[in-house]
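# Report on the structure
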Amino acid sequence: MVIYFGLALDFSAWPNALQTTGNQLSLGPSGLLQWLENHLGLSGLERSIDYLRIEQYRQALRMHWQNDPEVFYAAAFQADQFATATELLQRRDELLLANWNFDIQAGLPHRLATLAAIEKEIRQRTPPVASGFADRFLAVEHAVLQLRIPLLEVVCVEPLSLLPTYWQRLFTLLQSLGVRISEQKLPVSDASTDLQQFKNSLGQPSKSKPALKGDGSLLMLRGKRDTELAAYLASLFRNNPALFPCLLIPERSRTLDNALIQEGLPSLGIQPASLARPTLQILKLASVFLWYPIDPFKIMEFVSLPVKPLDGELANRIAQLMAQTPGLQGEFWHAMISQFFRELDNRSSGLAGSRPAEIRQQYRFWFERKRYDASGIAPKEEVTEIFNYLAFWARSVFRDNPGNPSLMILAEQARQIEELLLTLPERQLSRLELERIVRTIYEAAPAQMSVQEVGSFPYVHHPHAFKAGVDQLLWWNFIQNEPDYFFSRWYQGELEWLNGQGIKLTGPREQNALLSWQRRQPVLACQQQLILVIPEIVEGKAVNPHPLLGDLEACFGHLALITATIDNQLLGSFFALPDQVKLSHRQLGRPAPFLSVKNPEKLAQRQEETFSSLDSLLYYPYQWLFQHQIRLRKSSILSIVKDQTLMGNLAHRFFQQLLEEKDPLSWSKKELEQWTDREIAQLLQKEGAVLLMYGREPERVRFIKKLKYAAWSLLNHLQSNGWEIVGTEQPLIGKLENITLHARADLILQRNQEKAVLDLKWRGANYREQMIKNEEDLQLVLYSRLATSDGSWAHTAYFIMETGKLLARNNVAFREVSPILPNADHEEVHQRIWEKMCNTFQWRMEQVENGRIEVRCEQTRQQLEQAYEGQLLAVLEMKNGDATYDDYRTLINLVQ
């Protein structure tokens, strides 16, 4: 048996198993260790248990720290116990691999003495800390002396002198037992090509720069983005069947593979590993349901995942509701949940199966569980239950849908978290401790997007994965993606003491020497043609070229002779280039002032309108056409509303609850503030949990202060002017010409025979004031007419909740306000505006009947002024610019 050993051979290697024959194996560190364990009769490990080792070592560190509070790692351990345990366990394993026996001797440096004392305590435990790579390696090393293994030769890809010291020690031991240990020898060429000149310079730099020949043995392909270079290369491969290089793809990216598939070439079958798998996101999000105040952003992420332990339709409704009212168990929440389950029961009645019961159980598990203060602790049993549920759910779904292997990875990681939780001595956990535990287990999951197909290009992921020479090599993304610095974990005094004991560690100097050797290997392994692909941007981020580019420039100087781009056609001397098709730019046209409808009779007059639809018809008819006739409506964006919108929604709900209380007009200021403090906490939990999150206290306090001031200001106005509250959020109905109007007034008041309508707005005092001045307050006029049954006009005003300011046309209804138009008769003004609304409505409906729909925006303003010259005296004054919120701005440039 001949084994090829390399630090990267646990992954892909060249040549791979399909290109090798005979009794050969290619093994990396994990593979060789497991092979030796199998032949030596050692148990080894079926799976990684590093997470359990970290926890066991954390417990040992904690016990030692409790006995010695001044121990050197105390500060770090108090800040992050798991990270400290991980780091110190790595140091312990490093010392173990270096063959230190952890004996406490005179002159032993303080930190080493501490680690030795902890190791002594661990070895006295029953059971001891689980074995890791270091423990297994030492067991193999010991067993090799006692048993014979069927091994003839080990060929090391890396030079023996550059391997970690423990591998050097093992190979020396094997050699003493008769196993032949050799180093890989790459073929040497005496050809005088550009590639060979570069290889010679890497081995022995010369003061004189050789001249580039441009013979095609060494080429660079540069471009802006990795995606455009991938598409170009895939087309180049398709045009040149003889071009069949081995690919070096340092990162597990599918960019090139996707391009190959698009060109109809065989897939490489690369399995990219990512932490962004939707299934794995559940691990990080599941614990959010344990705590209050809730994090609405994380709950929104949870319900928006494509794969989740919650019914898809229910999750979508929850997401839509939380986008507007980010909280749980509010009035709208209960209404939505009740309606969903009623509809579910109706759809499921008479059908076999327990789907409704399963959905109810899922909902209760996540949304009706007991929650704990996020600044406190939660019982470990509750946490364990969540991850046990996730593991069971993932396995169940995978059985029904075996095409999603990441579900099994989720099940395994959830099981590992559960197993880790069961080993914890703590009975309760804080939120930060729980997140740290999840992060300890959370690992990137590979995904098989497509299988490797027959005839695909061979590829490797690591520069040092070449066991032999390769004729053609394409180095994809020849960029800097490796560490360029190393730090020692040990103080100089500790290293000197260890060296004095004959214990040698692999330090930064050795690591850097190994890295420098590994960087050069692809160049040295390539025999005939090397193509370096150098993008400026990879996956949307700017990148730096590979360090070897500096060596290349140092060797030849100017590289223009071998630098190809998609445009300069340099590769045309060696390959058949892809055809390039230039796409013509199509510019958007200017919108026409009118849209012509071929069959206007299909635009039936709507029998009912709301104020928003009526406003669109009067001012921007094309919006009314697209939204209410053609029914082109944007889909809702499942994201939490912005702060200003949220505060406006909360303020409306606050005033609605306040004004619906029994006789709030009799309250004192102190009673109002007490009521506010009592009610606002519940309102925020149910509909505004964003303001309860960590770090939002300043905004929350400022918001509540504004509400208190505005509420007292409004109650004062109502009390001092003798108004009584008729109702809030009152539905109104009436007629405009021959259509029915529906509206909903924020607040309706009554004083003897008079009525007043207040429209509550969160902000925008200056804008509302200008509307009243310009007689553009159509909404208030509409409310004024619909609020009365005898055709009279109610008083109207805007109340700005952010500032507690009341805006009214005159001070007939509210004496204390500063009137905008003191001498204006509100009934006369309302009547005038109403008549213009009616005239405008008739005019717009005539246009609709004729199939002539106006498009009003900044670009059509002059054309419309010319078309309407002298015709708009009896209608509302039209707007001069674009609509403030226009979902159809792009569409009007395309539709003629």
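What this report covers is the structure whose coordinates are included nearby. Treat the numbers as computed from the prediction; the structure is a model and nothing was measured.

This part covers the overall build of the protein. For the protein, the count of helices and strands is 31 helices and 25 strands. Compactness check: the protein gives a C-alpha radius of gyration of 38 Å against a globular reference of 29 Å for 896 residues, more than 25% above the reference. The C-alpha extent of the protein, read off along each of the three principal axes, is 110 × 75 × 65 Å. Of all 896 residues assigned to the protein, the portion counted as buried reaches 50%. A separation of at least 24 residues holds for 75% of the contacts in the protein among residues at least 6 apart in sequence. With an accessible surface of roughly 43900 Å², the protein has 49% of that area assigned to carbon and sulfur atoms. Distance between charge centres in the protein, computed from 95 positive and 103 negative side chains, equals 1 Å.

Going through the model one piece at a time under the given rule, you end up with 52 salt bridges. With its nearest N and O atoms 2.8 Å apart, the salt bridge here joins R136 to E37. Taken together, the positions of R136 in helix α6 (residues 133-144) and E37 in helix α1 (residues 29-40) put the pair 99 residues apart, joining distant regions of the chain. As far as the burial class goes, R136 and E37 line up, both buried. As a salt-bridge pair, E854 and R844 come within 2.8 Å of each other at their nearest N and O atoms. Remark: R844 occurs in helix α29 (residues 826-849) and E854 occurs in strand β25 (residues 852-854); sequence separation between them is ten residues. What makes E854 buried here is its relative accessible area of 0%. Residue classification places R844 among the buried positions, given a relative accessible area of 1%.

Before going further, it helps to spend a moment on helix α19 (residues 492-500). Turning to α19, its buried residues are E494, W497 and L498. Down the axis of α19, the buried set is contained in an arc of 100 degrees. They therefore lie on one face. Exposed and oriented more than 90 degrees from the buried face of α19 are Q492, N499 and G500. On its buried face, α19 is in contact with α4 (81-97) and α5 (110-123).

Here we take up the environment of L429. Mapped onto the secondary structure, L429 falls in strand β11 (residues 428-430). Accessibility expressed as a relative area gives 3% for L429, which makes it buried. Taking the C-alpha atoms as reference, L429 lies 6.2 Å from K380; in sequence the two are 49 residues apart. Those residues within four positions of L429 in sequence are excluded, and the remaining contacts are W291, G376, I377, A378, K380, V383, L421, L424 and I437.

With that out of the way, let us pick up the nonpolar core. In terms of nonpolar packing, the biggest core is built from 164 residues, with W366, F367 and F655 touching the most fellow members. When neighbours within four sequence positions are excluded, W366 is seen to be in contact with A286, F289, F302, P309, L310, R371, I386, Y389 and L390. Core analysis: the second largest hydrophobic core is formed by 49 residues, L603, L778, C838 and I853 among them.

Overall, parallel pairing links the four strands, which are arranged β2-β1-β3-β4 in an open sheet. Strands with a single pairing partner mark the edges of an open sheet, and in this sheet they are β2 (24-27) and β4 (180-183). Here the strands of the sheet are splayed against their neighbours by 20 degrees on average, with no regard to which way each runs. Against the sheet, helix α7 (residues 165-176) touches β1 (2-5), β3 (153-156) and β4, its axis set at about 135 degrees to β4.

Regular strands show a simple pattern: their side chains alternate between the two faces of the sheet. Taken across its 13 residues, strand β15 (residues 526-538) has ten buried, putting it largely inside the fold. Looking at chain direction, strand β5 (residues 218-225) and β15 are connected through seven bridges and run parallel. Note that in β15 the partner of R225 across the bridge is I537. Sheet analysis places strand β14 (residues 470-475) next to β15, joined by five bridges and oriented parallel. Within β15, the residue paired with W475 across the bridge is L532. Both β15 and strand β16 (residues 541-542) contribute to a ladder of two bridges, which runs antiparallel. When the bridges of β16 are listed, V538 appears paired with K541. Count of turn residues in the β15/β16 antiparallel hairpin: two residues, of which E539 carries a positive phi of about 50 degrees.

Here we come to the side chain of D93. Mapped onto the elements of the fold, D93 is located in helix α4. The buried category is assigned to D93, whose relative accessible area is 14%. A distance of 2.9 Å separates the side chain of D93 from the side chain of R92, its partner in a polar contact.

Thresholds, definitions, all that
Residues numbered from 1 in each chain as written. Predicted model: local features only at pLDDT ≥ 70, side-chain atom pairs only at ≥ 80, totals over all residues. Heavy atoms only, no water. Helix = DSSP H or I, 4+ residues; strand = E, 2+ residues; numbered from the N terminus. Rg over C-alpha atoms; globule rule 2.2 N^0.38 Å. Buried < 20%, exposed > 50% of the residue type's maximum accessible area, 1.4 Å probe, protein only. Contact = heavy atoms within 4.5 Å. Areas by Shrake-Rupley, 256 points an atom, 1.4 Å probe, with all protein chains shown as cover. Lys, Arg positive; Asp, Glu negative; His and termini not counted. Charge placed at Lys NZ, Arg CZ, Asp CG, Glu CD. Salt bridge = Lys/Arg side-chain N within 4 Å of Asp/Glu carboxyl O. Arc of directions from axis to C-beta. Core = buried A, V, L, I, M, F, W, Y, C linked by side-chain atoms within 4.5 Å. Pairing = 2+ DSSP bridges. Axes fitted to C-alpha atoms, helices over the stretch in contact; angles between N-to-C directions. Polar contact = N/O pair within 3.5 Å; in protein donor to acceptor, adjacent residues only side chain to side chain.

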